[in-house]
Every structure is written in C-alpha cells, then in structure tokens.
Amino acid sequence: PVRRVLLLGEGNFSFAASLCGEAGTHVVATCYESEEEVSGRGRAAESIRRLRERGAEVVFSVDCTKLKDYFLPEKREFDCIYFNFPHCGRKAGVVKNRELLAHFFRSSAEVLTQEGEVHVALCNGQGGTPADQPRREWHNSWQIVAVAAGAGFILSDVHPFKAETIHGYKCTGYRSQDKSFCVEGALNHIFTRSTPLLYFKPMTCEIELGSRKISFQVPQVLVDKINRGFLEVNSNHPVRTVNETLTAELSRAFLLQNIDYCLPLIHQGHLSGVCHSSIFWIVPRPEETPSAEEMSNGLANAAFFSQVDFCRDTDKKGWVNAQEGCRFSKQYYLRPSLLPYAQAIVQRGAFLPGTLHVLSGPVFRKCLISPYSMPVFHETVFVCAVNRGTENSCIQMLVDNIKASIHALQQTVSGSKVAINLQEAVSFETTELNNFTAFESQLSKIQCFLCMEIDSSGSCEKGSCVGIIRTAHYELVSSELVVVFASLNLDLLAMLICGIADWRMLWTSDTRFLRQFPRGELRLFKSFSLYPPSYVHDVSFW
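- The protein chain has the name Ferredoxin-fold anticodon-binding domain-containing protein 1 in an unreviewed UniProt entry, where Leptosomus discolor is given as its organism.

Right, here's the structure in full:
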C-alpha cells in the first residue's frame with residue numbers, strides 16, 4: 001500500500017522535495033502562506049515544480065490547527081505527519097508556541113491513521129526533554145511531551161535532526177523572513193498514539209471445580225488479567241519464552257514431565273499460615289450459610305453481610321451465583337500459589353520418584369502495587385521426590401541448573417544488563433512435614449535463592465523474590481521420600497532479562513509491546529513512551 005505523508009509549515013518546500021523521491025510514498029506538502037508569498041523565496045519555485053512533476057500534491061494557505069477542513073473524508077488518513085520547526089512567527093514566546101503545538105496535535109489526531117506517526121523537529125532546548133543538551137528549565141521550554149499528551153500522543157522516539165544529510169534541504173523562516181536559522185543540536189521528536197484509558201465492566205467468570213460449577217464476579221483489579229493465555233502454545237509472550245527455555249534447559253539434567261492437565265483458578269480448603277488479607281476470596285455456594293460457631297468467631301458480621309447478596313437458588317444452567325469477599329470454613333479463593341497442587345501430584349499413582357514434575361500458570365495475591373509487586377503473576381513450580389538423605393545434593397543440583405538456565409537466557413538478549421544476584425551459597429531450610437496441611441502452613445516462611453538487586457545495598461525487599469525453595473518429608477506407600485519444591489516468578493524473570501521496568505507492561509494490550517518479541521524471541525525491551533510527564537500534587541486538610 002502507498003504510504004501517505006503530510007508535510008506542514010514548509011518554508012521553501014526543500015524538505016518535501018527530498019522526500020518525494022521515495023518509492024511507495026505519496027507526499028502532500030503544505031505551507032501556511034499563499035502561493036504568491038512563497039514563490040518569491042529562494043529555491044521555492046524550483047522545489048514546487050519538482051514536487052508536482054513527481055506526482056506530489058502541493059497545497060497553500062493551510063492552517064495546521066484545522067487540518068480536517070482541507071481534506072475530503074476519504075483522504076484524511078495520513079501515515080506520517082511532519083512539522084519541522086513550528087513557530088507562531090516573529091517574537092512569539094514559549095506560551096504561544098505551546099498553544100500552537102497543542103492545537104496542532106489535536107488537529108493531527110483527526111487526520112492520522114491509528115498506527116501513524118507525528119514528527120516534530122525543534123531547535124535545541126525547545127522541547128524541554130532530557131534529550132535536549134543543554135536542557136532548559138521546564139517553565140522556559142515548549143513542554144512538547146505534556147502538550148502532546150493532551151491530544152492522546154506519547155513520545156516514542158527522539159533523535160538528532162541532521163539537516164546536512166537531507167539532500168537539497170535549506171531551512172528558512174527566521175522570524176517570518178526568508179532567512180535561515182541555527183539547527184545545530186536540533187531534535188526530531190516522533191509521536192504515536194497512546195492507548196485510550198480503558199474502563200472494564202464487571203466480569204463474571206464460570207469455573208468447574210470438581211463436579212460443581214461456580215460463577216463468581218472477578219475482582220476489579222483482575223478483570224483484564226483473567227484468561228489472557230500467555231503460556232499457551234500459540235503465544236509469543238516473553239513470559240512463555242522464559243518458561244519454555246527454562247524447562248528445556250532443565251530437561252538436559254532431569255527426567256522432566258510437564259503437568260498438562262488444567263488446574264482450576266479457584267481453590268477450596270483451609271490455608272493456615274497464609275495471611276488472609278492477601279487472598280482474593282470468593283463466596284461459596286449460597287446454600288452454605290455460616291454456622292453459629294462461625295458467627296460467634298466473628299467471621300461474619302452485620303457490616304459484612306450487608307455487602308453480600310445470598311441467592312438460594314441456582315440458575316437454569318446450574319451455575320452457582322457467588323460474589324467476591326466472603327470467608328467461611330468451606331471457603332473458595334483464587335489460587336495464591338501452585339504449590340498446594342503439589343499434593344495432588346504426589347498422591348497420583350503416576351508420580352515417579354526422581355522425575356522433575358513441572359506446573360505453570362497464573363496465581364493471584366492481594367498486595368500493595370509497585371513496579372515489582374503485582375496482584376497476579378505467572379508461577380512455575382518444580383516438584384521432585386528423592387530418597388531420604390539425598391535431598392541436599394538434589395536441591396543443589398536443581399538450583400545450579402536453574403541458575404545456569406537463567407544465564408543461558410541472559411545470553412539470548414544482546415547487551416542485557418541483568419541485575420540478578422546469584423548467591424554463591426544457597427540457603428534453604430529442610431522442614432520435616434508429615435502432611436500437606438502442615439506444608440501449606442509453611443508457605444509464608446519461604447526463602448529466596450534468586451533475588452533482584454533493587455536498592456543500593458543489594459538487599460532483597462519483600463515481594464522482589466524471583467524464586468523460592470522448600471523441602472517436605474512425605475511418606476508414600478512403600479518408602480519414605482523427601483519431596484523438593486522450587487517455585488519461580490516468571491514475570492519477574494522476564495522483566496529482569498528483557499529490561500522491563502514495570503510489571504504492568506507485561507499485561508498491556510498495546511500491540512507495540514508484543515511486536516518487540518517476534519516469534520517469541522527474547523530481546524531487550526525498548527520503551528515506546530519516553531519521558532512521560534509526572535506530577536506531584538499536594539493536598540492539605542484542616
């Protein structure tokens with residue numbers, strides 16, 4: 001398809017003439033002045049003639065703040081808009097030029113394709129971004145990133161405007177005159193559309209748990225994160241690539257078996273030792289009202305019941321109506337970890353000692369959201385049963401291979417500066433547990449063997465652990481084995497390896513994210529929103 005390019009504010013059309021020779025490009029060159037005014041400028045007439053000879057459109061008296069008025073509806077969509085060195089003219093100050101840019105960006109949004117680009121070249125210091133050297137004070141700049149954000153644009157790239165490399169180009173228009181101006185150190189700012197702020201309607205999820213079907217309302221913070229399919233076969237998401245590479249590397253040292261059966265998102269049962277405030281609770285079947293003992297223990301109170309609507313009857317499809325927020329003895333909750341499912345794996349007759357069993361999937365935990373702390377992430381759990389007395393060597397072998405696998409992942413990303421502290425001595429705790437209820441009570445007492453260095457001291461802060469390891473003694477039918485569990489946070493690993501600064505980027509619906517990882521190839525992530533404006537607002541109460 002032909003790429004449509006719109007050029008605004010051309011002084012002598014020399015820049016437009018340099019672009020016109022590109023194959024597959026249709027150029028529409030415009031200027032603010034009339035044809036009579038422009039033709040008198042040096043070399044303008046020659047550039048206009050060359051443009052018309054090559055099939056370009058030349059339009060005069062175009063106001064960059066009212067672009068849709070100059071083009072028919074079927075010709076309004078441009079793939080790229082150039083506006084080199086915009087200026088209100090004469091001695092206009094920064095405030096007026098900011099207003100010009102604000103109106104220009106709003107007008108551009110009406111004639112730009114969804115994935116189009118807006119290129120704005122500014123003299124050194126005008127933009128007010130860290131790319132300007134030297135950088136002006138914020139109030140004395142054109143504040144181009146903040147101004148563009150008002151029209152729904154983000155700064156996706158910025159690079160030097162090299163006038164000397166543009167064949168035949170000569171800048172003109174200094175103070176509305178046919179005079180050149182200094183473009184040394186000038187920058188070209190490339191803007192793209194930001195994704196609109198999405199409002200997610202309440203969502204109901206239907207889950208089969210054993211022989212029962214449960215319908216529940218998804219917590220608002222998880223509405224856009226349920227059933228995203230990052231780990232599915234057809235996914236190119238970096239989280240899946242990290243998981244697949246890890247398991248492939250471990251399969252060289254262990255007999256490995258992937259657990260491919262579907263694990264339900266909802267878990268039922270009692271989790272002792274785990275902070276209940278970090279669990280996403282779901283109301284059980286409406287028939288199961290709280291007992292007198294539960295009422296006396298304060299598990300249900302008037303304030304709580306006022307928020308819960310108990311429906312005694314199931315609907316015609318047999319789904320149970322449930323709402324998030326209740327905690328009873330037979331309680332339901334979104335799984336906070338895949339570790340409890342290890343019990344079912346060990347108890348299966350097909351569980352083979354010496355085989356490394358692998359489970360993967362998303363898990364959910366309430367937390368204070370930060371760049372490295374998330375309410376949902378993908379976890380991979382490795383489970384292996386070994387003879388008593390050999391667990392230490394098994395753990396060391398497992399940890400060494402996980403570290404080697406992470407190093408192999410690092411090498412796939414060229415120039416990656418991964419801040420992972422691979423400790424020389426891995427500390428772990430052997431806890432003798434006779435049943436998995438006791439094991440579950442130990443889940444809150446985890447030890448990390450891979451930590452992210454996220455502060456100057458290199459210490460591991462709460463919520464920044466990449467991996468944990470536990471052991472538990474569990475008696476099978478014929479012999480006593482020690483079961484070794486290792487858990488990895490795939491999201492944090494993907495962030496570290498690909499240089500992603502915020503976990504929310506992993507969950508974005510913006511196609512520009514996944515396009516950076518074609519066919520699942522791991523690469524160093526390049527942010528497509530540079531220097532986003534941030535504000536500090538002080539609020540006083542008295």
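On we go.
Remarks on unusual backbone geometry
Then step 1. With an omega of -5 degrees, the peptide bond between Gln-133 and Pro-134 qualifies as cis.
Then step 2. With respect to the helices, strands and loops of the structure, Pro-134 is situated in the loop between strand 5 (112-122) and helix 5 (144-149).
Then step 3. For Phe-13, which is not glycine, the phi torsion reads 65 degrees and is therefore positive.
Then step 4. Take Phe-13: its relative accessible area is 0%, and that puts it in the buried class.
Then step 5. Phi at Gln-143 takes a positive value of approximately 50 degrees, unusual for a residue other than glycine.
Then step 6. Checked against the element boundaries, Gln-143 lands in the loop between strand 5 and helix 5.

Focus on helix 4 (residues 94-108)
Then step 1. Taking 1.5 Å of rise per residue, the 15 residues of helix 4 would be expected to cover 21 Å, and the 21 Å separating its terminal C-alpha atoms lies within 8% of that figure.
Then step 2. Looking only at helix 4, the buried set comprises Asn-97, Arg-98, Leu-100, Leu-101, Ala-102, Phe-104, Phe-105, Ser-107 and Ser-108.
Then step 3. For helix 4, the secondary structure elements touched by its buried residues are strand 1 (3-8), strand 4 (78-84), strand 5, helix 5, strand 6 (153-160) and strand 7 (187-193).

What about the side chain of Thr-129?
Then step 1. Tracing the backbone shows Thr-129 in the loop between strand 5 and helix 5.
Then step 2. If we ignore the near neighbours within four places in the chain, the residues touching Thr-129 are Arg-135, Ile-144, Val-145, Leu-155, His-189 and Tyr-531.

Some thoughts on the pattern of salt bridges
Then step 1. Per the stated rule, a full pass over the model turns up nine salt bridges.
Then step 2. For Lys-225, the salt bridge is made with Asp-224, and the minimal N-O distance between the two is 3.0 Å.
Then step 3. Taking relative accessible area as the criterion, Asp-224 reaches 22% and is therefore assigned partly exposed.
Then step 4. Here Arg-512 makes a salt bridge to Asp-510, at a shortest N to O gap of 2.7 Å. In terms of burial, Arg-512 and Asp-510 fall into one category: buried.

Cut-offs used in this document
Residues numbered from 1 in each chain as written. Predicted model: local features only at pLDDT ≥ 70, side-chain atom pairs only at ≥ 80, totals over all residues. Heavy atoms only, no water. Helix = DSSP H or I, 4+ residues; strand = E, 2+ residues; numbered from the N terminus. Buried < 20%, exposed > 50% of the residue type's maximum accessible area, 1.4 Å probe, protein only. Expected span 1.5 Å × (residues − 1). Contact = heavy atoms within 4.5 Å. Salt bridge = Lys/Arg side-chain N within 4 Å of Asp/Glu carboxyl O.

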